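Listed here are the chains, written in short residue letters.
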2 protein chains.
Amino acid sequence: MSDTDTDIRGTAAALGEAVTRPFPGSRRIHVSGRRADVRVPMREIVQADTPTRNGPEPNPPLAVYDTSGPYTDPAAAIDLCAGLAPLRADWIAERGDSERLDDLSSRYGRERRADTGTTTWRFPAERTPRRARDGANVTQMHYARRGIVTPEMEFVAVRENQRLEASRDDPALGRRHPGEPRGASLPETITPEFVRDEVARGRAIIPANINHPESEPMIIGRNFRVKVNANMGNSAVTSSIGEEVEKMVWATRWGADTIMDLSTGRDIHETREWVIRNSPVPVGTVPIYQALEKVDGEAEALTWEIFRDTLIEQAEQGVDYFTIHAGVRLPFVPLTVDRLTGIVSRGGSIMAKWCLAHHRESFLYERFEEICEIMKAYDVAFSLGDGLRPGSIADANDDAQMAELRTLGELTDVAWRHDVQVMIEGPGHVPLHRIRENMGEQLRHCHEAPFYTLGPLATDIAPGYDHITSALGAANIAWEGTAMLCYVTPKEHLGLPDKHDVREGIVTYRIAAHAADLAKGHPAAQIRDNALSKARFEFRWDDQFNLGLDPERAREFHDATLPKQAHKVAHFCSMCGPKFCSMAISQEVQAFARERGLDADSALETGLAEKAQTFREQGGAIYHRR
Amino acid sequence: MSDTDTDIRGTAAALGEAVTRPFPGSRRIHVSGRRADVRVPMREIVQADTPTRNGPEPNPPLAVYDTSGPYTDPAAAIDLCAGLAPLRADWIAERGDSERLDDLSSRYGRERRADTGTTTWRFPAERTPRRARDGANVTQMHYARRGIVTPEMEFVAVRENQRLEASRDDPALGRRHPGEPRGASLPETITPEFVRDEVARGRAIIPANINHPESEPMIIGRNFRVKVNANMGNSAVTSSIGEEVEKMVWATRWGADTIMDLSTGRDIHETREWVIRNSPVPVGTVPIYQALEKVDGEAEALTWEIFRDTLIEQAEQGVDYFTIHAGVRLPFVPLTVDRLTGIVSRGGSIMAKWCLAHHRESFLYERFEEICEIMKAYDVAFSLGDGLRPGSIADANDDAQMAELRTLGELTDVAWRHDVQVMIEGPGHVPLHRIRENMGEQLRHCHEAPFYTLGPLATDIAPGYDHITSALGAANIAWEGTAMLCYVTPKEHLGLPDKHDVREGIVTYRIAAHAADLAKGHPAAQIRDNALSKARFEFRWDDQFNLGLDPERAREFHDATLPKQAHKVAHFCSMCGPKFCSMAISQEVQAFARERGLDADSALETGLAEKAQTFREQGGAIYHRR
């Protein structure tokens, strides 16, 4: 342990001001559902008035989706050593189908707790886990299929609507292009019943382990807002527990809908406990990483028993979804031999090595139903890993990838027979023109289970900029129907991301996700674009900053050349200077035209617009010489 | 003038080391055409050998397109006060259709030269301009239509091929996905005759003013590599001449195929002379900006005479293409009144104001044939400006935009009657799903004249990240057929870009352009992806950095966690650490499988891959319980 880690109890309780300060011009609000205890958080951005000749015209406050939990709320008391309030605890308990255990079920978990060497940095508030009663199934899918609308589903419905009804009819904010949904079915208003239907048919998942009652429910499905996951985790080379917790808070601040803890270093168990207890968003992991740690990194030494104990250990900590590479089957490994870049998934390469070394079928594949039994006892969702995803443009959409994808479809059927929630992981590296094929094959073979892709990177030639190479693919595949995008940071292929990289990666992916929402025609998407553009046109600089995905950077960039407060109302910026501002001139033009009663309709009525047509018809003499 | 400007003669000759240092592992080479004096520059990246059991296997050096001129060549002597060598001078002279004038034709140019106040910072090497002889037409299109293959066309052909023949048949480098060209016709090898054909039919342009003989010929058309333009220019608020010249060199270093000088501040004339004399790439401008300066920023005071003199002034300096907003017609202005963000093009808003104030048709539209006469006397290409492009998602693809686009099509016909080269500027802000319509309308109305778009931004909600919001649109519209992308920097909407922003913007746009080249199936595109991915898989870290678009950043990111030279051959990085590197494990897997004679074919032969199918056919019992 480094000194930083040993100090976590002292320091972590005080997260850096930059990590928790409220967003400018914003406050955290809660919108109630039908049940009084469904209180859905949103961030409300206030706007300045628009000055007009007839006096100031108010601009309505805008509610935006907020993943940051209570951390950005100055009224919230944050104590990392106590963890977040368990907002779902009553909902889980009142269902009566789970029980609090007397002890941890995982041998490793118990060993670790008994190890006095970990006490100084262990999460201080001890707790015992919950598990389904014998024979019970506590998954959201199980409830949905029995026709039950859970509080989680109601929470999700309110959250997805984003108070759309407040802006839909506004003449400026409500403007909207019809979308091109590519097979998605986006309702104008999302009801709790719609959420239930989507979960029941497997087209969406609500990752919500009963041991992670602190999380604010969210949904992953193609008929909902596109989501973004941020990876984090320490490795053997760097990182500490304190950094990881702060990175989680930081990631949710910028818009991570879920986080994955991909730690591979020491103290994974303790790090994870700190992260989950303090995470307002679902947490995913790749359990094989920890299993491999337990056998000192020797893939061949992995056993089903060690893996099983790891699943239970993590399920009882509250991990909401597990990446499981059960589609990496022995017969597929030779399909990767002639690839340019082989197997680039860590989990995939571990399992391929195991299969080859033992010349046996993967235990993940053979034991899949036993895994389902564990998942449904805690409501852990599957994220079926794409261990054979392409690691280069050359390997995109090859036989290995597609063989695995078909297997993931079979496994989806198996999981659904257990009412276990499933999403499917996808590539990787894919050129733009072969992205649609990926989505089409996924929909076909995996029966519309949500797709969760890593990018894909649309080219390999820009290490240092792979957040961008992959955002190109991500926006396109999300438009095609991918439900959640796994972010990529600028450090991809080169090193472990720091806080700057995490922010850069998440904002980039929120852009890709939003661009896809606009293209699909998500009913709430364009409102924010409209509000921001209106603010921009009206030179409400502060509103323009505050309505953006990263108000702090927008202001900082503006201040780099025009730092004075007076410039925040100036009708120009440093790009063009005062005399050349098109927006300023355009405002004059609009005022001038309006004074004369000219508008688009009158242009047509008075025949002005037809003149061009007349010119064309006069045989190409396109102007009259004076 | 600031002190920096007055010092330009002293300091500019010594550009910063960071601006001119050679790319690592690279050297500038020249590939000859049929004519001995056609010597086409490329950058050759050398690679390390791949160690194998049978000894080292060499990896061939890779030639990549190089826009940086001699600045990155340590053997080249750079003297900013003398300008670059006029490599096209003999080609222009030997055609015999132009003559060197005794004096400048523009009144303003002569006044400016006579102004002793400018002598201290004026470009020192005086020159007199060239102009077509009476009745002659010196455009590349004119030659092409008469069946002449100019040295410029031959230069372009060699340049576009990128020594493809050296790598095409390499088993690793030559792998390639068939493209989806969306109507483009990309030949396997580009011949000078193909270049001539494309220029003759107007589907491509070679911007090559006879007064800019220093530029290295390049081509803009949908059947060639997608190009990127970088904007620069001082404004009333900031920037100096020295900075502008350095920014131009900096932009070409990172891959700008052309630059546009959008200066609106003082000393535009002198800044431009410095930039053009030292620019290895074509230079574009928006002459109305300078014309407006000449009337003290009063749009209403603009006259044809002032504008005409400005065109001649700039044409005689060597500007290669002019943005001219001749499609902003009086009857279209009312169509913008109900827009969310009005007119956001500077040139567009200036002309709209002029039209409204005078209630007259635009003089750019009325005098268009006279403008053509000027263009063909110097071979300045039109970049027909989209003065009514949408400035927000809400305004995308609206009537104003489409009315202007149709007019640009009419004007294209007029220009082509004069054999004047034309490209068409495009938006702006467009959601992903309405991009294809933009390209389709452009192709239809403008007869396949090259499209040159600014992004488009696929969402408005991320000020501070608009290089990314726009790269999403740029990659997609380039795939659809856009020939050149105008970059957007992170400072868009917020302030004037600095050097960091220029680099960020250009590399981002090179990514978008390359992603489109891959999608279209450009025959040379995937070679670089393959070479880089092979280097990555083989842990040739230096090669991986050097083959990327920004080797310096890739190395810097890697060194942030693993700075030692020993790590440049390590079989892991800090992302996953040594035990968890999928690529390292995957190499073991490949070696293991190859030892046993397993490959994709044998997998099928031995029936291993079919097992999955058998399982499925056995009725869903997907594994055998042990």
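Residues numbered from 1 in each chain as written. Chains lettered and ligands numbered in written order. Predicted model: local features only at pLDDT ≥ 70, side-chain atom pairs only at ≥ 80, totals over all residues. Heavy atoms only, no water.

Engineer: Summarise the overall build of chain A; cite the residues concerned and give the values.
Structural biologist: Check the secondary structure of chain A and you find 25 helices and 17 strands. Reported as C-alpha extents along the three principal axes, the dimensions of chain A are approximately 90 × 55 × 50 Å. Expressed as a percentage of the 626 residues in chain A, the buried residues total 69%. A fraction of 76% describes how many contacts in chain A between residues 6 or more apart in sequence connect residues 24 or more apart. If you sum the accessible surface of chain A, you get close to 19500 Å²; carbon and sulfur atoms cover 50% of it. (Helix = DSSP H or I, 4+ residues; strand = E, 2+ residues; numbered from the N terminus. Buried < 20%, exposed > 50% of the residue type's maximum accessible area, 1.4 Å probe, protein only. Contact = heavy atoms within 4.5 Å. Areas by Shrake-Rupley, 256 points an atom, 1.4 Å probe, with all protein chains shown as cover.)

Engineer: So what about the nonpolar core? Which residues, and what values?
Structural biologist: Of all hydrophobic cores here, the largest spans 309 residues; its most connected members are A:V195, A:F307, A:F382, B:V195, B:F307 and B:F382. Here A:F307 is in contact with A:P287, A:I288, A:A291, A:I324, A:F363, A:L364 and A:I371, once residues within four sequence places are set aside. (Core = buried A, V, L, I, M, F, W, Y, C linked by side-chain atoms within 4.5 Å.)

Engineer: I'd like a rundown of the relation of the copies chain B and chain A, residues and numbers included.
Structural biologist: It takes a turn of 180° to lay chain B on chain A, together with a shift of 0.0 Å along the axis; the resulting RMSD is 0.0 Å. Here the symmetry operator amounts to a two-fold rotation axis. Distance from the rotation axis, computed per C-alpha, reaches its smallest value in chain B at B:L472: 2.7 Å. (Least-squares fit on C-alpha atoms with pLDDT ≥ 70 in both.)

Engineer: Mind laying out the pattern of salt bridges, listing which residues take part and the relevant values?
Structural biologist: Residues and elements named next belong to chain A. Within the structure shown, the criterion is met by 116 salt bridges over all chains. A salt bridge links E448 to R222; its shortest N-O distance comes to 2.6 Å. Pair noted here: E448 is in the loop between α17 (435-446) and β16 (451-454) and R222 is in the loop between β9 (220-221) and β10 (227-232), with a separation of 226 residues, a long-range link. Looking at E448, the relative accessible area reads 22%, which means it is partly exposed. Judged by its relative accessible area of 5%, R222 falls in the buried class. (Salt bridge = Lys/Arg side-chain N within 4 Å of Asp/Glu carboxyl O.)

Engineer: Go over the interface of chain B and chain A with me, naming the residues and quoting the values.
Structural biologist: Put simply, an interface is often sized by how much accessible area is lost when its parts join up. Facing 148 residues of chain B, the contacting portion of chain A comprises 146 residues. Around 13200 Å² of area is buried between chain B and chain A when both sides are counted, 66% of it from carbon and sulfur atoms. Inspection of the chain B/chain A interface yields 2 salt bridges. B:R175 is the partner of A:D395 in a salt bridge, and the nearest nitrogen-oxygen pair spans 3.7 Å. Linking chain B with chain A are 22 residue pairs in polar contact (both at pLDDT 80 or more). For the side of chain B that touches chain A, the per-class residue count stands at 74 nonpolar, 35 polar and 39 charged. (Buried area = accessible area lost by both parts, 1.4 Å probe. Polar contact = N/O pair within 3.5 Å; in protein donor to acceptor, adjacent residues only side chain to side chain. Nonpolar A, V, L, I, M, F, W, Y, C, P; charged D, E, K, R; others polar.)

Engineer: Describe in detail the sheet that holds strand β1 (residues 26-32) of chain B, supporting the description with residues and values.
Structural biologist: Residues and elements named next belong to chain B. Strand order in the open sheet made by the 3 strands is β1-β2-β5, with antiparallel pairing throughout. Looking at which strands have only one partner, the edges of the open sheet turn out to be β1 and β5 (62-65). Within the sheet, the average angular offset between the axes of one strand and its neighbour, ignoring direction, is 45°. With 7 bridges joining them, β1 and strand β2 (residues 39-45) adopt antiparallel strand pairing. Each bridged residue has a counterpart across the sheet, and for S26 the counterpart in β2 is I45. With respect to the sheet, helix α7 (residues 151-161) is in contact with β1, β2 and β5, its orientation differing from that of β2 by roughly 15°. (Pairing = 2+ DSSP bridges. Axes fitted to C-alpha atoms, helices over the stretch in contact; angles between N-to-C directions.)

Engineer: So what's going on with the confidence of the model for chain A? Residues and values would help.
Structural biologist: Residues and elements named next belong to chain A. Mean pLDDT over chain A: 90, with 90% of residues reaching 70 or higher. Under a pLDDT of 50 for its full length, residues 1-7 has, in the predicted model, 11 contacts with residues more than four places off or in other chains. Here residues 602-626 is modelled with pLDDT under 50, and outside its nearest four sequence neighbours on either side it reaches 41 contacts, counting other chains as well. Here the prediction assigns the complex a pTM of 0.93, and the interface score ipTM is 0.93. (pLDDT = per-residue confidence, 0-100.)

Engineer: Would you mind going over the environment of B:C486 in detail, with residue names and values included?
Structural biologist: Residue and element names in this part refer to chain B. Along the polypeptide, C486 turns up in strand β17 (residues 484-486). Counting along the chain gives 16 residues from C486 to S470, while the straight-line C-alpha distance between them is 9.8 Å. Residues within four places of C486 in sequence aside, it is in contact with N229, N231, Y452, T453, L454, G455 and Y509.

Engineer: Any details on the packing of aromatic side chains? Residues and values, ideally.
Structural biologist: Applying the stated criterion across every chain, the model contains 22 aromatic pairs over all chains. Note on A:Y321 and A:Y452: the rings are 6.2 Å apart at their centroids and 90° apart in plane angle, and the pair reads as edge-to-face. Linking A:Y321 in strand β13 (residues 321-324) with A:Y452 in strand β16, this pair joins segments that are 131 residues apart in sequence. Each of the two residues, A:Y321 as well as A:Y452, counts as buried. Relative to B:F224, the ring of B:F194 has its centre 5.6 Å away and its plane inclined at 50°; by these criteria the two rings are tilted. You can see B:F194 sitting in helix α8 (residues 192-200) and its partner B:F224 sitting in the loop between β9 (220-221) and β10 (227-232), a full 30 residues away along the chain. Looking at B:F224, the relative accessible area reads 0%, which means it is buried. (Phe/Tyr/Trp six-rings, centres within 6.5 Å; stacked < 30°, edge-to-face > 60°.)

Engineer: Before we move on, could you go through the sheet that holds strand β12 (residues 283-285) of chain B and cite the residues and values that matter?
Structural biologist: Residues and elements named next belong to chain B. A barrel is described by the order of its strands in space; here 8 strands give the closed sequence β10-β11-β12-β13-β14-β15-β16-β17, paired in parallel fashion. When the angles between neighbouring strand axes are averaged without regard to direction, this sheet yields 25°. Relative to strand β14 (residues 381-384), strand β13 (residues 321-324) runs parallel, the two being bridged by 4 bridges. Bridge pairing in β14 links T323 to S383. Along the sheet, helix α9 (residues 241-254) contacts β10 and β11 (258-261); its crossing angle with β10, the most-contacted strand, is approximately 165°.

Engineer: Quick one: what's the story with the pairing of β16(A), residue by residue and with numbers?
Structural biologist: When a strand is regular, its side chains alternate between the sheet's two faces. Residues and elements named next belong to chain A. Burial along β16 is two-sided: F451 and T453 and Y452 and L454, pointing in opposite directions, are all buried. Sheet topology note: the strand β15 (residues 422-426)/β16 ladder contains 3 bridges and is parallel. Note that in β16 the partner of G426 across the bridge is T453. The handedness of the β15 to β16 crossover, carried by α17, is right-handed. (Right-handed = clockwise from strand over helix to strand, strands pointing away.)

Engineer: So what about the side chain of A:T323? Which residues, and what values?
Structural biologist: Residues and elements named next belong to chain A. Summarising the element assignment, T323 is placed in strand β13. The exposure class of T323 is buried, given its relative accessible area of 3%. Within the structure, the side chain of T323 is placed 2.5 Å from the side chain of E425, a separation counted as a polar contact.

Engineer: Provide a residue-level description of helix α16 (residues 399-417) of chain A, including the pertinent values.
Structural biologist: All names here are of chain A. Its 19 residues give α16 an end-to-end C-alpha distance of 28 Å, which sits within 8% of 27 Å, the value for a rise of 1.5 Å per residue. Here α16 lies mainly inside the structure; 15 of its 19 residues are buried. Just past α16, the residue D419 takes up positive phi, approximately 55°. (Expected span 1.5 Å × (residues − 1).)

Engineer: I'd like to hear about the side chain of A:R28, residue by residue, with values.
Structural biologist: Residues and elements named next belong to chain A. Along the chain, R28 turns up in strand β1 (residues 26-32). Relative accessible area serves as the criterion here: at 15%, R28 is assigned to the buried category. Only 2.9 Å separates the side chain of R28 from the side chain of D66, close enough to count as a polar contact. Here E216 takes part through its side chain, which lies 2.7 Å from a polar atom of the side chain of R28.

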